[in-house]
There are 2 protein chains.
Amino acid sequence: MSQTDTIGRILDAAEVLFAERGFTETSLRTITSTAGVNLAAVNYHFGSKKELIQAVFERFLTPFTASLAGELDRREAAGQRLTVEELLESLYRVGLGSLAAEGRDPQRFMRLLGLAYSQSQGHLRRFIVSRYGDSYHRFAGLLERALPHLDPVSFYWRLYFMLGATVFTLSSFDAIEAILREDFGAQSSLPETLDRLVPAAAAMLKVNAEG
Amino acid sequence: MSQTDTIGRILDAAEVLFAERGFTETSLRTITSTAGVNLAAVNYHFGSKKELIQAVFERFLTPFTASLAGELDRREAAGQRLTVEELLESLYRVGLGSLAAEGRDPQRFMRLLGLAYSQSQGHLRRFIVSRYGDSYHRFAGLLERALPHLDPVSFYWRLYFMLGATVFTLSSFDAIEAILREDFGAQSSLPETLDRLVPAAAAMLKVNAEG
DNA sequence: CAACAATTAAAACAGTTGTTTAGTGCAAGG
DNA sequence: CCTTGCACTAAACAACTGTTTTAATTGTTG
């Protein structure tokens with residue numbers, strides 16, 4: 001249809017394949033052949049494989065952070081200070097909603113985020129921080145204000161604990177869900193799992209250090 | 001000295017390089033040249049790159065699980081049921097101690113565990129499960145008994161949340177520590193961080209679902 | 001010391017990687 | 001009608017991958 005349908009096809013294929021196998025384990029030839037485009041199209045449209053990886057992240061992080069900003073605006077406008085649970089709810093539901101609304105798979109983005117964290121070849125982490133650092137800091141600041149009893153260092157360690165639990169769990173949601181279904185015959189949906197995660201993460205953030 | 005000093009040199013180099021860059025990002029030539037051995041030595045002594053990766057994990061997981069088993073034996077022999085905090089303490093301190101005792105870097109193994117999780121090419125996950133699944137299930141069983149108010153499915157999700165917070169945070173301990181030192185001038189040691197992690201993770205495990 | 005096996009070494013192997021080059025087709029503008 | 005620019009393609013590039021082969025060198029044992 002449009003003259004640059006090729007770009008979209010490449011991004012679609014790369015997004016899926018990167019999430020399944022990782023970045024270095026996915027060759028440009030695999031991407032271009034599943035996308036049904038020529039090999040050289042990646043370098044033509046994106047410049048390099050690195051820039052393709054960044055473009056994949058940009059395509060889902062930009063609407064995600066935009067939706068999150070809107071949600072935080074709305075909640076802040078309501079007046080009272082946001083609670084930990086409200087902030088986590090915002091983060092999770094917006095992540096789910098803004099991406100699912102475009103008909104894309106939220107779990108795939110969680111896997112990509114997990115990969116970005118662990119496989120990060122430097123360039124990707126720098127790209128994400130420079131592009132979306134502000135969104136991160138706004139959320140972290142609001143969360144810190146919701147936890148006034150914590151000193152800054154304690155708060156940031158707790159924040160990383162929470163991010164670890166979130167990214168780690170959701171990035172392998174499919175695998176964990178399959179294990180639990182096999183062992184207990186209990187199906188878990190992603191929203192249900194977020195219902196479990198919100199109170200657990202909130203408890204971890206709020207507990208007094210001296211237990 | 002010994003006739004197969006080569007094996008140790010290869011394992012040492014592979015351990016460091018894998019932890020720094022990941023598996024596919026580390027070539028056999030990089031490993032053998034930093035180890036000061038011939039390229040073919042890897043295939044001669046280990047068979048393939050996959051088996052080398054498994055050997056690296058075996059070398060630190062075997063003493064780790066053995067120490068953990070001993071620690072759990074000791075604590076169980078003492079009689080009363082183990083608490084969540086005691087179990088987490090055992091896990092963390094033993095992991096720290098058994099590896100540091102051999103003069104090796106505990107954080108490196110956390111990074112490897114994180115990689116095993118996210119970069120797992122299948123063979124590694126199968127290897128770890130078949131070799132160390134029993135240790136994992138014993139620990140999980142004891143932890144579940146320490147949390148009798150949780151139904152099995154809830155418990156296992158919480159377990160994954162806890163593992164996520166642990167692996168994620170400790171596997172990038174150096175990076176997080178550097179950020180906090182820059183922003184707050186506060187140095188954090190690994191033991192201090194575990195002191196922060198134990199109560200936080202325990203709170204996440206213990207909280208009642210309906211908050 | 002001779003003979004055998006274990007280990008190390010150099011070199012080549014076949015395959016894959018990301019990227020570049022040169023050229024094709026096509027549509028819009030002068 | 002010709003040209004300019006854009007999207008796309010096939011082919012080749014050089015570099016790198018894990019692995020194997022063949023030969024040289026050890027170390028050990030009869």
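Given the structure is predicted, the values throughout are model-derived calculations rather than measurements.

### Section: the packing of helix α1 (residues 5-21) of chain B against helix α2 (residues 28-35) of chain B
Residues and elements named next belong to chain B.
Logical step 1: The interhelical angle for the contact between α1 and α2, taken along N-to-C directions, is 130 degrees, at an axis separation of 8 Å. When the axes of α1 and α2 are compared, the pair comes out oblique. In the packing of α1 onto α2, the handedness of the crossing is right-handed. Contacts between α1 and α2 involve Arg 9, Ile 10, Ala 13, Ala 14, Leu 17, Phe 18 and Arg 21 on the former and, on the latter, Thr 30, Ile 31, Thr 34 and Ala 35.
Logical step 2: In terms of residue class, the contact of α1 with α2 is made up of seven nonpolar, two polar and two charged.

### A word on the relation of the copies chain B and chain A
What relates the pair of chain copies is a rotation about an axis plus a shift along that axis.
Logical step 1: Superposing chain B onto chain A takes a rotation of 180 degrees plus a shift of 0.0 Å along the axis, which leaves an RMSD of 0.1 Å. Look at the turn and shift together and you get a two-fold axis relating the two.
Logical step 2: A symmetric contact is evident, with 98% of the interface residues of chain B recurring at the interface of chain A.

### Brief notes about helix α7 (residues 123-145) of chain A
Residues and elements named next belong to chain A.
Logical step 1: The end-to-end C-alpha separation of α7 is 32 Å, in line with the 33 Å expected for 23 residues at 1.5 Å each.
Logical step 2: The axis of α7 is deflected most strongly, by about 65 degrees, at Tyr 132.
Logical step 3: Taken as a whole, α7 has its buried residues at His 123, Leu 124, Phe 127, Ile 128, Tyr 132, Gly 133, Phe 139, Ala 140, Gly 141, Leu 142 and Leu 143.

### As for helix α5 (residues 84-100) of chain A
Residue and element names in this part refer to chain A.
Logical step 1: Between its terminal C-alpha atoms α5 stretches 24 Å, which fits the 24 Å expected from 17 residues at 1.5 Å a residue.
Logical step 2: Among the residues of α5, those classed as buried are Val 84, Leu 87, Leu 88, Ser 90, Leu 91, Tyr 92, Val 94, Gly 95, Leu 96, Ser 98 and Leu 99.
Logical step 3: In this structure, the buried side of α5 is in contact with α4 (49-77), α6 (106-118), α7, α8 (152-171) and α10 (190-206).

### Here we look at the UniProt feature "DNA-binding region" (unreviewed entry) in chain A
Logical step 1: Look at the UniProt record and you will see "DNA-binding region" (unreviewed entry) annotated at residues 27-46 of chain A.
Logical step 2: The span residues 27-46 of chain A is 75% helix and 0% strand, and its two end C-alpha atoms sit 15 Å from each other.

### What about the protein's contact with DNA strand C?
Logical step 1: What surrounds DNA strand C is a group of 17 residues, the closest being Leu 28, Arg 29 and Lys 49 of chain A together with Thr 6 and His 45 of chain B.
Logical step 2: Backbone atoms, meaning sugar plus phosphate, form 49% of the atoms of DNA strand C positioned within 4 Å of the protein.
Logical step 3: At 3.3 Å, a side-chain N or O of Ser 27 of chain A approaches a phosphate oxygen of DNA strand C.
Logical step 4: In the model, a phosphate oxygen of DNA strand C is placed 3.5 Å from a nitrogen or oxygen of the Asn 38 of chain B main chain.
Logical step 5: When residues of the surface near DNA strand C are traced back to their parent elements, those giving at least two are α2 (28-35) and α3 (40-46) of chain A together with α3 (41-46) of chain B.
Logical step 6: Its residues placed into classes, the surface near DNA strand C shows five nonpolar, nine polar and three charged.

Cut-off values and rules
- Residues numbered from 1 in each chain as written.
- Chains lettered and ligands numbered in written order.
- Predicted model: local features only at pLDDT ≥ 70, side-chain atom pairs only at ≥ 80, totals over all residues.
- Heavy atoms only, no water.
- Axes fitted to C-alpha atoms, helices over the stretch in contact; angles between N-to-C directions.
- Helix = DSSP H or I, 4+ residues; strand = E, 2+ residues; numbered from the N terminus.
- Parallel < 35°, antiparallel > 145°, perpendicular 65-115°, else oblique.
- Left-handed = near helix turned anticlockwise from the far one by under 90°.
- Contact = heavy atoms within 4.5 Å.
- Nonpolar A, V, L, I, M, F, W, Y, C, P; charged D, E, K, R; others polar.
- Least-squares fit on C-alpha atoms with pLDDT ≥ 70 in both.
- Expected span 1.5 Å × (residues − 1).
- Bend = angle between axes of the 7 residues up to and from the residue.
- Buried < 20%, exposed > 50% of the residue type's maximum accessible area, 1.4 Å probe, protein only.
- UniProt positions renumbered as here; feature names shortened; annotations may be inferred.
- Near = heavy atom within 4 Å.
- Polar contact = N/O pair within 3.5 Å; in protein donor to acceptor, adjacent residues only side chain to side chain.

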